[in-house]
Amino acid sequence: MSKASDQAYEELRSRILSGELAPGTQLKEEELAALCGVSRTPVRAAIRQLEAELFVRRTDSQRSFVAEWNNDDLEEVFVLRGMLEAYAVRRAATRANASVISGLNAANEAMRTVIEALDFDLPAYLAANARFHALILETAASDRLASLLGKLVLQPVVQQTVRAYSREQLLRSYREHVEITTALAQRDPDWAEALMTAHIRRALHARLEPVEG
């Protein structure tokens, strides 16, 4: 994409992830061009890219909308993510050295500090959480895995999970990170895999809409 298209893409993706462009919102090129400070052509290219990444869905009438996600969509994404992250942490368990464990501990400590602060800093928490999972993926040392998992964790339903967490859910997620780190330090792939699988499944159920009974 051109520089202008990249600019439009980053702007639109950021607004989708933040919820400013909510699911179901129609994307009108003229309005988005004014919003992004570019012409309609780069906006059109940006929308096509976002459509390819499942941020946007196009109707039969060729109108574009911010993608909406039902419970089946959520479960599919999180099941796939769970499979890939479980495989990543299993590989990482046989490769993690003292430096990796130290990095994971630092990310966990950053998470704890943010959670316990009087004013919750969401961007700081997201950054620490991303560092933790990224370090595991880096340690797994698989370009194919990184490519596949990268596409999943960038999905809005994954990015917005933390925004739905209560303080207690954040603390529980932190404690799960600490357990995963312990399993990696013990170089136990079975333990690490089981913990990561449970960690991702809990994130799924935090996002699923309550079942009416």
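Before going into details, it helps to say that this report is about the structure given with it. All of these numbers come straight from a predicted model, not from anything done at the bench.

### Describing the pattern of salt bridges
- By the definition in use, this model includes 16 salt bridges.
- Residue R44 is joined to E29 by a salt bridge in which the shortest nitrogen-to-oxygen separation is 3.0 Å. Of this pair, R44 sits in helix α3 (residues 40-52) while E29 sits in helix α2 (residues 29-36); the two residues are 15 residues apart in sequence, bridging distant segments of the chain.
- Exposure remark for R44: the relative accessible area of 33% places this residue in the partly exposed category.
- For the salt bridge of E51 with R58, the shortest nitrogen-to-oxygen distance reads 3.1 Å.
- A relative accessible area of 27% places E51 in the partly exposed class.
- On the basis of relative accessible area, R58 is assigned to the partly exposed category, the value being 31%.
- Connected via shared salt-bridge partners are E11, R15 and E20.

Definitions and cut-offs
Residues numbered from 1 in each chain as written. Predicted model: local features only at pLDDT ≥ 70, side-chain atom pairs only at ≥ 80, totals over all residues. Heavy atoms only, no water. Salt bridge = Lys/Arg side-chain N within 4 Å of Asp/Glu carboxyl O. Helix = DSSP H or I, 4+ residues; strand = E, 2+ residues; numbered from the N terminus. Buried < 20%, exposed > 50% of the residue type's maximum accessible area, 1.4 Å probe, protein only.

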